[in-house]
Amino acid sequence: MDTGQDSWARARRYQSVIAGQGAVVTDADYLQSAGTLLDLYGEDIRARAFTTHDPVRGEQMLRPDFTVPIVQQHMAHGAEPARYTYMGKVFRKQEKDENRPTEFVQVGYEIFDGANPAAADAEVFATLAGLLSDVEVTAATGDIGVLRAAVEGLKTTKRRRAALLRHLWRPRRFKALLDRYGGRSDMPAARAALLAQDDPMAQMPPLLGLRTQAEIAERIEVLREDAAAEPISAVELDLIDTLLKVRETAPNALVALRDLSVDLPSIAPAVDGIARRLDALAARGIAVDTLPFEASYGRTSMEYYDGFVFGFSADPRLNLPPLATGGRYDALTTVLGGGVGVPAVGGVIRPDLVAAVEAAQ
Ligand SMILES: N[C@@H](Cc1c[nH]c[nH+]1)C(=O)O
């Protein structure tokens, strides 16, 4: 996209508002090392990153976002509380829609501070909402922490819980797994045939692939164990289904989630967190009574989110991506901080899109 002077001027304006809240202006290199970092974004962004090779540094990518490099920078200098703002282009391939740009400007805000996570969530949300106050947008909110807690509380094997958590980001795969673990669908036919044999290893054709005999035997053992596991109860499956369908104004959603937490006690702390966040949002002047909350929201975005998630979208007829998005990513700071983390939340706004909506209004 041709980012004209107006867009950069608008970006600088947004950034000065964020800096006015005490955020330090920072930046990230265009070229980031790809390798393990790319995994942190998840499947979608991994497939959309532009990668290239450097003879000394190895696989590189054009930054697909700022959050990961900024977390890295922050954690490399100790994990003291801090606020940052940045402005610049990010790069993502567009396979589905050729009209969408492959490079676009983001202005971002990241808060690393565990003192009051609800207040930090509200601060990021309200700041971006303030920058969008001249355009008509609809907010969406959710909380990945509630979904994670629900899965972590399921009475099933650790391996099944881990598989469900891994697939939280692929709603269809997640549903298929749940159906299988609940005995609502059969295991794949090839697997059933394999496990029906007395000694599957004896029947193996000569090794062709990369896996060793021992690895294959181990995998078969895992499959056997899984096939022998008790199904997840129908009651628990229904609770997860009900949870995934919660889509209400925030106060109604809170009531629904509190009801659910009677039978799904593992979500109770995360639900308390939502209540605290709503108070913090109200204190910042956000109309929480009409604020939408969708339990499934954010399940197809950055896979580093593990708490609050949000986005602001224009009228769907304009067919634009969200104008601003963000969320909480506490665990990412631990991963990049070598085991030491700091609660963190942030978000970005896209000046070009705000300008487009203003022009269409
Ligand atoms: N980096 C995210 C937005 C974000 C910033 N901080 C937290 N989330 C994105 O590009 O979508």
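Keep in mind that this is a model prediction, so the values were computed, not measured. Once a new chain begins, its residue numbering starts again from 1 and follows that chain's sequence as written. The predicted origin of the model limits local features to residues at a pLDDT of at least 70 and limits the giving and counting of side-chain atom pairs to 80 or more, whereas totals for whole chains, interfaces and linings rest on all residues. Processing note: side-chain calculations cover all non-hydrogen atoms of the structure and skip hydrogens and water entirely.

Caption draft 1: Looking closely at the pattern of salt bridges. The salt bridge criterion pairs a side-chain nitrogen of Lys or Arg with a carboxyl oxygen of Asp or Glu, the two atoms within 4 Å. Under the criterion given, the structure shown has 24 salt bridges. The residue Asp 241 makes a salt bridge to Arg 184 at a minimum N-O spacing of 3.4 Å. On the criterion of sequence distance, the pair formed by Asp 241 in helix α11 (residues 234–245) and Arg 184 in the loop between α8 (171–181) and α9 (189–196) is long-range, its members being 57 residues apart. Asp 241 gets classed as buried once you look at its relative accessible area, which sits at 18%. Between buried and exposed lies partly exposed: a residue is buried under 20% and exposed over 50% of the maximum accessible area for its type, with that area taken using a 1.4 Å probe on protein chains only. Residue class for Arg 184 comes out partly exposed when judged on its relative accessible area of 41%. Ionic contacts of the salt-bridge type, sharing partners, join the residues Asp 121, Asp 143, Arg 277, Arg 328 and Asp 330 into one network. The way it works is that DSSP assigns letters per residue, a run of H or I at least four long becomes a helix, a run of E at least two long becomes a strand, and they are numbered from the N terminus.

Caption draft 2: Geometry of the packing of aromatic side chains. Note on aromatic pairs: the rings of Phe, Tyr and Trp (six-membered ring only in Trp) are paired at centre separations within 6.5 Å, and the planes decide the class, stacked below 30 degrees, edge-to-face beyond 60, tilted for the rest. Under the counting rule described, the total for this entry stands at 12 aromatic pairs. Note on Phe 310 and Phe 312: the rings are 6.1 Å apart at their centroids and 70 degrees apart in plane angle, and the pair reads as edge-to-face. Three or more aromatic residues joined by ring pairs make a cluster, and in this case those are Tyr 41, Tyr 84, Phe 112, Tyr 304, Tyr 305 and Tyr 329. Between the NZ or CZ atom of Lys 93 and the centre of the ring of Phe 50, over which it lies, the distance is 5.9 Å. One Lys or Arg, Arg 350, reaches over the ring of Phe 104 and ends 3.5 Å from the middle of that ring. We call a charge positioned above a ring when the Lys NZ or Arg CZ atom is no farther than 6 Å from the ring centre and deviates by at most 35 degrees from the ring normal.

Caption draft 3: Inspection of the side chain of Arg 191 at higher detail. Examined against the element boundaries, Arg 191 turns out to sit in helix α9. Residues scored as charged are limited to Lys and Arg (positive) and Asp and Glu (negative), so that His and the chain ends carry no count. For the buried Arg 191, which has no salt bridge, the nearest side chain bearing the opposite charge is Asp 226, at an N-O separation of 4.5 Å.

Caption draft 4: Highlighting the site of the ligand. The nearness test applies per residue and asks whether one of its heavy atoms lies within 4 Å of the molecule or strand. Lining the immediate environment of the ligand, one finds 16 residues, of which Asp 65, Thr 67, Arg 92, Glu 110 and Tyr 305 sit closest. Distance and chemistry together define a polar contact, namely a pair of N or O atoms within 3.5 Å, with one atom able to donate a hydrogen and the other to accept it when in protein, and with adjacent residues in sequence counting only for side-chain atoms on both sides. Within the side chain of Thr 67, a nitrogen or oxygen atom sits 2.8 Å from a nitrogen atom of the ligand. Contacts to the ligand include Tyr 304, whose side-chain N or O atom sits 3.0 Å from a nitrogen atom. The Shrake-Rupley method, run with a 1.4 Å probe, gives the accessible areas here. Residue values count only the displayed protein chains as cover. Here the ligand loses 97% of its free accessible area of 310 Å² to cover by the protein chains. Residues are sorted three ways: Asp, Glu, Lys and Arg are charged, Ala, Val, Leu, Ile, Met, Phe, Trp, Tyr, Cys and Pro are nonpolar, and all the rest, Gly among them, are polar. Its residues assigned to classes, the shell around the ligand comprises six nonpolar, seven polar and three charged.

Caption draft 5: Broad picture of the packing of α9 against helix α10 (residues 213–228). A fitted line through C-alpha atoms serves as each axis, taken over the contacting stretch for helices, and the angle formed by two N-to-C directions is quoted from 0 to 180°. Here α9 crosses α10 at 100 degrees, and the two axes come no closer than 11 Å. In terms of their interaxial angle, α9 and α10 are classed as roughly perpendicular. Counting all contacts with α9, which are made through Arg 191, Leu 194 and Leu 195, the residues of α10 involved are Arg 219, Ile 220, Leu 223, Arg 224, Asp 226 and Ala 227. Of the residues assigned to the contact of α9 with α10, the class counts are five nonpolar, no polar and four charged. An angle below 35 degrees is treated as roughly parallel, one above 145 as roughly antiparallel, one from 65 to 115 as roughly perpendicular, and anything else as oblique. By the convention used here, residues are in contact when the closest approach between their heavy atoms is within 4.5 Å.

Caption draft 6: Spatial organisation of the UniProt feature "binding site: L-histidine" (unreviewed entry) in the protein chain. What UniProt calls "binding site: L-histidine" (unreviewed entry) maps, in this numbering, to Asp 65, Phe 66, Thr 67, Arg 92, Gln 106, Glu 110, Arg 299, Tyr 304 and Tyr 305. You can see Thr 67 is positioned in helix α4 (residues 67–76). Once you skip the residues sitting within four places of it in the chain, Thr 67 turns out to touch Tyr 86, Glu 110, Tyr 304, Tyr 329 and Leu 332. Residue placement: Tyr 305 occurs in the loop between β9 (292–294) and β10 (308–313). If we ignore the near neighbours within four places in the chain, the residues touching Tyr 305 are Ile 144, Trp 169, Gly 326, Gly 327 and Arg 328. UniProt positions are given in the numbering used here, feature names are shortened, and annotations may be inferred rather than shown by experiment.

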